[in-house]
Amino acid sequence: YLVSDEVTTPSGSSDQAGQTISTARERLNGYVRSPIATITSTVRDLFSSPAVIALAVLALVAASANWALRSYSVVLLTDGYDVSLGVANTVLTLMFLAGAVIILAGGELTDRLTAKVVLIASFAITTVAAFLVSSLTLLPILAMTLIVLAGGFLLMGSPARDKLVDNLSLRGDLGKNFSIITIGTQMGGTVAPPLFGAIIDTLGLQIAFLTIGGFTI
């Protein structure tokens, strides 16, 4: 018997099969290259925005100082100024409340003044307060007041920093730039515990608060 060529011939030609395989390979390569290209582009954009990177470093410093203030102020008051634990915890609560009020004031001042002025004032007040309480020679009531002010005024600069980021950003990269600032903040919370823990273990609580002041200069 003779078998028709239509039966023995494959349903698709070899050329079509080759094109299909080639298309699939190109798509796979595209999927692999796409994340790499995205990461490369993002890194390139980061280094092309030094002002945003500087603000991210500022966010890291502020977050580290903020964490240290909230973590060790109670210990400073109880061990360095002989304040009772209950009163020291109340001071910590007042610090949180002051931060909520002062950050609102910081937003208002940022709108009325310039962001740079508010940011400088925020860090300057925190620096002076941290240096003074680190002396361990103040009256307890003054030390408690300065700790509340330090924790509150450190947050005052957040609206000013965000406004600077907004001013430095194009509409197309605003979200990316704010994500960079968020990374700086998260890194500050990551770096602060081992850093200040090591400082306290080796050099003492007084040096730790001097370091907080040094961070915010």
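Residues numbered from 1 in each chain as written. Predicted model: local features only at pLDDT ≥ 70, side-chain atom pairs only at ≥ 80, totals over all residues. Heavy atoms only, no water.

**So, helix H3 (residues 50-80)**
Filter applied, for reference: The bend at a residue is defined as the angle formed between two axes, one fitted to the seven residues ending at that residue and one fitted to the seven starting there. In this description a helix means any DSSP run of H or I spanning at least four residues, a strand means any run of E spanning at least two, and both kinds are numbered starting from the N terminus.
If you look at H3, its biggest bend is around 45 degrees, right at Tyr-72. A positive phi of about 55 degrees marks Asp-82, the residue just after H3.

**Thoughts on the pattern of salt bridges**
Two side chains that carry opposite charge are able to pair once their charged atoms sit near each other. Threshold: Throughout this description, the term salt bridge denotes a Lys or Arg side-chain nitrogen within 4 Å of a carboxyl oxygen of Asp or Glu. When a residue's accessible area, from a 1.4 Å probe over protein chains only, is under 20% of the maximum for its type it is buried; when over 50% it is exposed; and in between it is partly exposed.
Under the definition given, this model contains two salt bridges. The salt bridge partner of Arg-112 is Glu-108, with a shortest N-O separation of 2.7 Å. Placement of both Arg-112 and Glu-108 in helix H4 (residues 85-112) is noted, with a separation of four residues, approximately one turn of the helix. The exposure class assigned to Arg-112 is exposed, which follows from its relative accessible area of 63%. Between Asp-162 and Arg-161 there is a salt bridge, with the nearest N and O atoms lying 3.4 Å from each other. On the basis of relative accessibility, which here comes to 28%, the residue Asp-162 falls in the partly exposed class.

**Some words on the environment of Ala-121**
Mapped onto the secondary structure, Ala-121 falls in helix H5 (residues 115-134). On the basis of relative accessibility, which here comes to 28%, the residue Ala-121 falls in the partly exposed class. Along the sequence, Ala-121 and Met-156 sit 35 residues apart, while their C-alpha atoms lie 8.6 Å from each other.

**Observations regarding the confidence of the model for the protein chain**
Rules: Each residue carries a pLDDT value, the predictor's own confidence for that position, ranging from 0 to 100. By definition, residues are in contact when any of their heavy atoms lie within 4.5 Å.
For the protein chain, the mean per-residue pLDDT works out to 85, and 78% of the residues sit at or above 70. Overall, residues 1-7 carries pLDDT values under 50, and its contacts beyond four positions in sequence, including any with other chains, amount to one contact.

**Focus on the nonpolar core**
Convention followed: Residues belong to a common nonpolar core when they are buried Ala, Val, Leu, Ile, Met, Phe, Trp, Tyr or Cys residues joined through side-chain atoms within 4.5 Å.
Judged by nonpolar contacts, the single largest core of 49 residues is most densely connected at Leu-77, Tyr-81, Val-133, Phe-196, Phe-209 and Ile-212. At the level of elements, H3, H4, H5, helix H6 (140-168), helix H7 (174-202) and helix H8 (205-215) are the ones that each hand at least two residues to this core. Sequence-distant contacts of Phe-196, that is, excluding residues within four places in its chain, are made with Ser-64, Trp-67, Ala-68, Tyr-72, Ala-208, Thr-211, Ile-212 and Phe-215.

**Points about the packing of H3 against H8**
Which entries qualify depends on this criterion: Helix axes are fitted only over the stretch in contact, all axes being lines through C-alpha atoms; the angle between N-to-C directions runs from 0 to 180 degrees. Any angle that falls under 35 degrees is termed roughly parallel, while one over 145 is termed roughly antiparallel, one within 65 to 115 roughly perpendicular, and all others oblique. Each crossing is labelled by how the near helix is turned from the far one, with a counterclockwise turn of less than a right angle marking it left-handed and a clockwise turn marking it right-handed. For this classification, the nonpolar set comprises Ala, Val, Leu, Ile, Met, Phe, Trp, Tyr, Cys and Pro, the charged set comprises Asp, Glu, Lys and Arg, and every other residue, Gly included, is treated as polar.
Running from N to C, H3 and H8 point in directions that differ by 150 degrees, and their axes come no closer than 10 Å. If you check the angle between H3 and H8, you find them roughly antiparallel. The interaxial crossing formed by H3 with H8 has left-handed handedness. Across the interface between the two elements, Val-61, Ser-64, Ala-65, Ala-68, Leu-69, Tyr-72, Ser-73, Val-75 and Leu-76 from H3 touch Leu-205, Phe-209, Ile-212 and Phe-215 from H8. Looking at the contact of H3 with H8 residue by residue, the class counts come to eleven nonpolar, two polar and no charged.

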